Amino acid sequence: MNKRLKNIVVVLLIIFSFVLLWANTNNQKDVEKLYLEKFQNPIYTLLYYINNIYYEKDKVDYDKVLDSTLNGLVEGLNDPFAWYLDSQQVTESKIEESGEYGGLGILVSYDSKLKAVRIISPMIGTPAYEAGLQADDLIISVDGSPVSEIGYIGAVNKMRGKPGSTVQIEVFRDGWDEPKKITLVREKIETVTAKYKVFNSDNYKIGYIKLTNFGEKSASEMQKALKAIEKENVNGIILDLRNNPGGFLNVAIDIASMFIKDKTIVTVRYFDGSQEVIKPKTYEHFDFLDKLPIVLLVNKSSASASEILTGALKDNKIATVIGKTTYGKAAVQRPIPLDNGGEVWLPIGHYFTPAGHDIHLKGIKPDIVVENPKKEIKNVEQMEAKNTTTFEAVIDLENDLQLLKAIEVLKMGGK
């Protein structure tokens, strides 16, 4: 068997294997019929003619043909959270970073239609946040390299680098006439994810907690914040999830369990019709929270695990939600390794809020909608030195309209 024919066979076998993964969700005969009618014949026919009558047949790179075919299958799903990584991208994504690592502080996804990196959320206090980047901004080039050419993983890797080094990104935002280029300095991302502060407003004592993501230490840090606030005998709580891109599901469950008991936190419905109803864990529940009004702040950059916690507190009527509609990422993704070294990330389920809402690509609408002044993007080549290990939150009682509304609502009893 010559090399070209062998490559063709490999293409067909891998595509066939990929399609058969659907067998768990459909009747086996239906899957085989779908493959034969929709995939095998047209793909085999095209490969036959490429191999026999295509003028440049001796120059065909069948590895590239295979990657394009697999990528096309995934793109055809029209799902922003389903993507294909070729073998090189998989290798790059799994390379362990050595030494000090820095980044811009953004959670991103890949927009396969526009061939761009789409921002889900900038983390507060990071270069991306300080530059004014926001959810749904598109990064179309990194250091002059178009994302359409270097791909998703290539773009992500180029944005990473040694703290203190610079990187130029080209950004496009809906409503702009043309993209803008900005230069940022990479920074080591902050290590404390739950920062807190107790302050007074007209003799009304408020406990404020800013949760920047759901990392490995976030639950223990949230415990520390709540224990400190409990000692202050506050009159109300503000939990700020703005610009929180999410993180680990188990951490979201742990934190939700501090606020909720004996009620549903989230339901996960899978591809096969099965579902998992998640209740509070035997994690430490703070009883003092049951007696206090709670306001939850969100915006367009509150995503994933942030939306799980928001939905749980909103639907169970534990907190009043203020701000802007959240991002709308409720997909449960599974990486599927393929025989060619590539990998498909496929959504296999959705998160549903306690009230049964599928917020995927829709988000959670706040009880009270308040918009903060919009930020323009700017170069951030120098930032003030920050102590990233401090637990003290920083608040703006002059310009933060959403925070000011939260204070007003608390004083009215949380309604």
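Before any of the text, the structure's been laid out above.
For clarity, every value in this text was computed on a predicted model and none was experimentally measured.

**Student:** Summarise the sheet that holds strand β10 (residues 236-240); cite the residues concerned and give the values.
**Tutor:** Spatially, the six strands line up as an open sheet ordered β8-β9-β10-β13-β14-β17, and their pairing is mixed. One side of each edge strand has no neighbouring strand; the edge strands of this open sheet are β8 (194-201) and β17 (368-369). Direction of pairing for β10 relative to strand β13 (residues 294-298): parallel, over a ladder of four bridges. Opposite Ile238, over in β13, you have Val295 as the bridge partner. Its contacts with the sheet place helix α10 (residues 401-411) against β8, β9 (204-211), β10, β13, β14 (320-323) and β17, and it is angled at close to 165° to β13.

**Student:** Now, about the environment of Arg186: what can you tell me, with residues and values included?
**Tutor:** Topologically, Arg186 is positioned in the loop between β7 (180-185) and β8. Here Ser165 takes part through its side chain, which lies 2.7 Å from a polar atom of the side chain of Arg186.

**Student:** So what about the environment of Lys279? Which residues, and what values?
**Tutor:** With respect to the helices, strands and loops of the structure, Lys279 is situated in the loop between β12 (275-278) and β13. Taking the relative accessible area as the measure of exposure, Lys279 reaches 45% and is therefore partly exposed. Each C-alpha atom, one on Lys279 and one on Ala256, is 9.4 Å from the other, the two residues being 23 residues apart in sequence. Setting aside its immediate chain neighbours within four residues, Lys279 contacts Ile253, Lys263, Thr264 and Ile265. In terms of polar contacts, Lys279 uses its side chain to reach the side chain of Thr264, at 3.1 Å.

**Student:** A description of the side chain of Ser201 should follow, citing residues and the corresponding values.
**Tutor:** Looking at where Ser201 falls in the secondary structure, it is placed in strand β8. Apart from the residues lying within four places of it in its own chain, the contact partners of Ser201 are Ile206, Ile407 and Lys411.

**Student:** Break down the side chain of Arg118 for me, citing the residues and quoting the values.
**Tutor:** Looking at the element boundaries, Arg118 is found in strand β3 (residues 116-122). A distance of 2.6 Å separates polar atoms of two side chains, one belonging to Arg118 and the other to Asp111. Discounting chain neighbours no more than four positions away, the residues touching Arg118 are Leu107, Val108, Ser109, Asp111, Asp136, Asp137, Leu138 and Tyr327.

**Student:** Explain the nonpolar core to me, and be specific about the residues and the numbers.
**Tutor:** Where a protein is soluble and globular, its nonpolar side chains tend to be buried together. Phe214, Leu226, Leu239, Ile255 and Phe259 are the most contacted members of the largest nonpolar core, which has 45 residues in total. Taken together, the elements giving at least two residues each to this core come down to β9, α7 (218-230), β10, α8 (249-259), β11 (266-270), β13, α9 (305-315) and β16 (343-352). No other element matches α8, which puts seven residues into this core. Non-local contacts of Leu239, meaning those with residues more than four positions away in its chain, are made with Ile209, Met222, Phe259, Val295, Leu296, Leu297, Leu309 and Leu313. Counting residues in hydrophobic clusters, the runner-up holds 33 residues, among them Leu85, Val156, Ile169 and Tyr327.

Quick notes on the rules
Residues numbered from 1 in each chain as written. Predicted model: local features only at pLDDT ≥ 70, side-chain atom pairs only at ≥ 80, totals over all residues. Heavy atoms only, no water. Pairing = 2+ DSSP bridges. Helix = DSSP H or I, 4+ residues; strand = E, 2+ residues; numbered from the N terminus. Contact = heavy atoms within 4.5 Å. Axes fitted to C-alpha atoms, helices over the stretch in contact; angles between N-to-C directions. Polar contact = N/O pair within 3.5 Å; in protein donor to acceptor, adjacent residues only side chain to side chain. Buried < 20%, exposed > 50% of the residue type's maximum accessible area, 1.4 Å probe, protein only. Core = buried A, V, L, I, M, F, W, Y, C linked by side-chain atoms within 4.5 Å.

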